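Chain and residue survey
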Amino acid sequence: MRYPPEETAEKHARILEQASILFRERGFSGVSVSEIMKATGLTHGAFYNHFESKEDLISKSIEDASAKALDSMREGAASGEPTALYVDGYLTGQHRDDRGNGCVMAGLAGEIAREPAARPAFTQHVEGMLKGFTESLAKAKKKNARRHAVHTLSSIVGALILARAVDNPELSEEILRETRAALD
């Protein structure tokens, strides 16, 4: 039975969304295709109408999450949001604790390093983030905007990874707080 294109597109988007959340929460190997399809309310068999393989889904879910994150960043920049405001919003306890809806880079960088099919989409995302930061910093007349963009992105992603990894809540908060302060 053929579904209308709108319904097929909606199902495809639902699969990407749930896969992205589950991958960020549990890693690529920590979630099966069956679990992803169950989370979308679809059957395992329907998966292959949308994706060639789990690796294809991984790559496409990164592309989808990246597009959403970059759109959000561009909207902020278009409204005049300075880089510091983005950094302050990124380095929060809420972002730290919401892995499934959090940053793709902080959630999956270690996994992507071992997943060759995902690396091109991830690389494009990193380049997009750097471009966004560079443009924002250049508008603020910051010298060496690209260098500062690389530093800012590396600092915030690293801080979020560390803040999530430690088992001491006070240290976790300190990492976020001090990184925000150092970048202001």
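Throughout what follows, the structure given in this document is the object of discussion. (Residues numbered from 1 in each chain as written. Predicted model: local features only at pLDDT ≥ 70, side-chain atom pairs only at ≥ 80, totals over all residues. Heavy atoms only, no water.)

With that settled, the discussion passes to the layout of surface pockets. Its volume calculated, the largest pocket comes out at about 580 Å³. Looking at the largest pocket, it is lined by 25 residues, and the ones nearest its centre are A69, Y86, H95, N101 and G102. Put simply, the parts of the chain that give the lining of the largest pocket at least two residues each are α1 (5-26), α3 (54-78), α4 (83-90), α5 (93-97), α6 (104-112) and α7 (119-139). Of the residues forming the lining of the largest pocket, the biggest block, six residues, is contributed by α3. Classifying every residue of the lining of the largest pocket gives ten nonpolar, nine polar and six charged. (1 Å grid on protein atoms, 1.4 Å probe; cavity = no way out; pocket = protein on both sides within 12 Å on 5 of 7 lines; lining within 4 Å. Points joined across faces, edges and corners; volume = space filled by probe spheres on them. Helix = DSSP H or I, 4+ residues; strand = E, 2+ residues; numbered from the N terminus. Nonpolar A, V, L, I, M, F, W, Y, C, P; charged D, E, K, R; others polar.)

Of all hydrophobic cores here, the largest spans 46 residues; its most connected members are F23, I36, L57, I62 and Y90. Among the elements of the structure, α1, α2 (33-40), α3, α4, α6, α7, α8 (145-165) and α9 (169-183) are those that each provide at least two residues to this core. Sort the elements by how many residues they give to this core and α8 lands first, with eight residues. Excluding its chain neighbours within four sequence positions, the residues that come into contact with L57 are I15, L16, A19, F23, I36, F47 and F51. (Core = buried A, V, L, I, M, F, W, Y, C linked by side-chain atoms within 4.5 Å. Buried < 20%, exposed > 50% of the residue type's maximum accessible area, 1.4 Å probe, protein only. Contact = heavy atoms within 4.5 Å.)

The tally for this structure, following the rule as stated, stands at five aromatic pairs. A centroid spacing of 5.1 Å and a plane angle of 80 degrees characterise the contact between F23 and F28, whose relative ring orientation is edge-to-face. Here Y86 and F133 contribute two aromatic rings whose centre-to-centre distance is 5.4 Å and whose plane-to-plane angle is 80 degrees, an arrangement assigned as edge-to-face. Of this pair, Y86 sits in helix α4 while F133 sits in helix α7; the two residues are 47 residues apart in sequence, bridging distant segments of the chain. (Phe/Tyr/Trp six-rings, centres within 6.5 Å; stacked < 30°, edge-to-face > 60°.)

Overall, the coordinates contain eleven salt bridges when judged by the stated rule. Here E17 ties to K68 by a salt bridge, and the two come within 2.6 Å at their closest N and O atoms. Note that E17 is positioned in helix α1 and K68 in helix α3, a separation of 51 residues in sequence. Close ionic contact of R146 with E127 constitutes a salt bridge, the shortest N to O distance being 3.4 Å. One end of the pair, R146, is in helix α8; the other, E127, is in helix α7, and 19 residues separate them in sequence. A relative accessible area of 39% places R146 in the partly exposed class. (Salt bridge = Lys/Arg side-chain N within 4 Å of Asp/Glu carboxyl O.)

Backbone geometry at N144 places phi at a positive 55 degrees, although glycine is not the residue there. The residue N144 is located in the loop between α7 and α8 in this model. Taking the relative accessible area as the measure of exposure, N144 reaches 46% and is therefore partly exposed.

This part is about empty space enclosed by the protein. Following the criterion strictly, the structure yields one cavity of 30 Å³ or more and no others. A volume near 70 Å³ is recorded for the largest cavity. Residue lining of the largest cavity: M73, G76, A77, E81, P82, T83, Y86, G132, F133 and S136, and that is the complete set. Of all the secondary structure elements, the ones that give two or more residues to the lining of the largest cavity are α3, α4 and α7.

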